[in-house]
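# Breakdown of the fold
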Amino acid sequence: MTNPIVTSFWDKPTGSWQYVFHDPNTMKGAIVDPVLDFDPLSGATRTHNAQRILDYVQETGIEVEWVLDTHPHADHFSAASWLAARLEGARTGIGERVVGVQKLWKEIYHLGDLPEDGSQWDRLFADGDLFMVGKVPVLVLFSPGHTLASVTYVAGDAAFVHDTLMMPDSGSSRADFPGGSSHDLYQSIQRILSLPEETRIFVGHDYAPNGREPLCEATVAEHRASNVHFASDPTEEDFRKVRDARDATLPLPRLMLAALQVNIRGGRVPEAEANGRSYLKIPLDQFDPR
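My aim in this report is to walk through the structure given alongside it, one point at a time.

The rules behind each value
Residues numbered from 1 in each chain as written. Predicted model: local features only at pLDDT ≥ 70, side-chain atom pairs only at ≥ 80, totals over all residues. Heavy atoms only, no water. Helix = DSSP H or I, 4+ residues; strand = E, 2+ residues; numbered from the N terminus. Expected span 1.5 Å × (residues − 1). Buried < 20%, exposed > 50% of the residue type's maximum accessible area, 1.4 Å probe, protein only. Arc of directions from axis to C-beta. Contact = heavy atoms within 4.5 Å. Pairing = 2+ DSSP bridges. Axes fitted to C-alpha atoms, helices over the stretch in contact; angles between N-to-C directions. Phe/Tyr/Trp six-rings, centres within 6.5 Å; stacked < 30°, edge-to-face > 60°.

Attention now moves to helix α6 (residues 236–247). Taking 1.5 Å of rise per residue, twelve residues should cover 16 Å, and α6 covers 16 Å from first to last C-alpha, within 8% of that figure. Where α6 is concerned, the buried positions are F239, R243 and D247. Buried residues along α6 cover an arc of 60° about the axis, so they all sit on one side. In α6, the exposed residues that point more than 90 degrees away from the buried face are E237 and K241. Elements in contact with the buried residues of α6: α4 (182–192).

Let's shift gears to the sheet that holds strand β15 (residues 217–219). With respect to topology, six strands assemble into an open sheet ordered β10-β11-β12-β13-β14-β15, the strand pairing being mixed. Of all the strands in the sheet, just β10 (130–133) and β15 have a single pairing partner and so form its edges. Strand after strand, the sheet turns through a mean of 25° between neighbouring axes, direction not considered. With three bridges connecting them, strand β14 (residues 200–202) and β15 associate as antiparallel partners. Residue pairing across strands places F202 opposite E217, the latter belonging to β15.

As enumerated under the stated definition, the model contains 16 aromatic pairs in all. Note on F160 and F202: the rings are 5.3 Å apart at their centroids and 20° apart in plane angle, and the pair reads as stacked. Of this pair, F160 sits in strand β13 (residues 158–160) while F202 sits in strand β14; the two residues are 42 residues apart in sequence, bridging distant segments of the chain. Residue classification places F160 among the buried positions, given a relative accessible area of 1%. Relative to F239, the ring of F230 has its centre 5.0 Å away and its plane inclined at 35°; by these criteria the two rings are tilted. Taking the relative accessible area as the measure of exposure, F230 reaches 5% and is therefore buried. The buried category is assigned to F239, whose relative accessible area is 2%. Following the ring pairs from residue to residue traces out a cluster consisting of Y19, F21, F160 and F202.

Quick look at the structure:
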């Protein structure tokens, strides 16, 4: 089995990790969870993060075959559509349960004309799907909990686990969004931690607690040994008590109501109106601000 070279890109404003992995033999690769910049104060979108990734793959000579989202993100816009349009032959993909997220948020946003069939992506992956990036096998694991549609991409010895696990000193990700479930999150993380101990786990976020440098990678063995939520091998009941209590104290992500209406469209902003501008919708009084 060929293992990939993984290059990470951190977006400080959202604490998001973006990845490029590639087969060093064929130089074929994939992009995972790229960020489209958005300023909520001005409403401006920018492509600084996406351009950084595009420059890297072009300078390195990587032939990008896939631009992959692990789930529709609540804390940043996806740059998948923008990148795929600039990378000849690149296809977009996400987990097949995204249609459930589309249906849920289509109702919240009252988007009567939004297709809720996942047609905004080139491929919808099912649990257990296997595809190749060069000679690197990529296994898709359905791993809900943070959202009802989340998937993990296991590329050789590298697992891109999105917002399930955080770095070991932060534990796990929240499970209180619409469609989220701490029960599902526990089961998903158990499945991820059953991967071989040497598997490199790449997380979706890091907020650099206690002033340390932002980090993105730890092995399964390291998580089993020191993850603050899982090193004690908790029962599901014990984990859910900790996770649910923590989630009850958290505010909604700053960009959630802006981001999800873009991300359920595959990273595309709404169609421009008659004046040539696109507009976002904010559902008033839908959520309790705590």
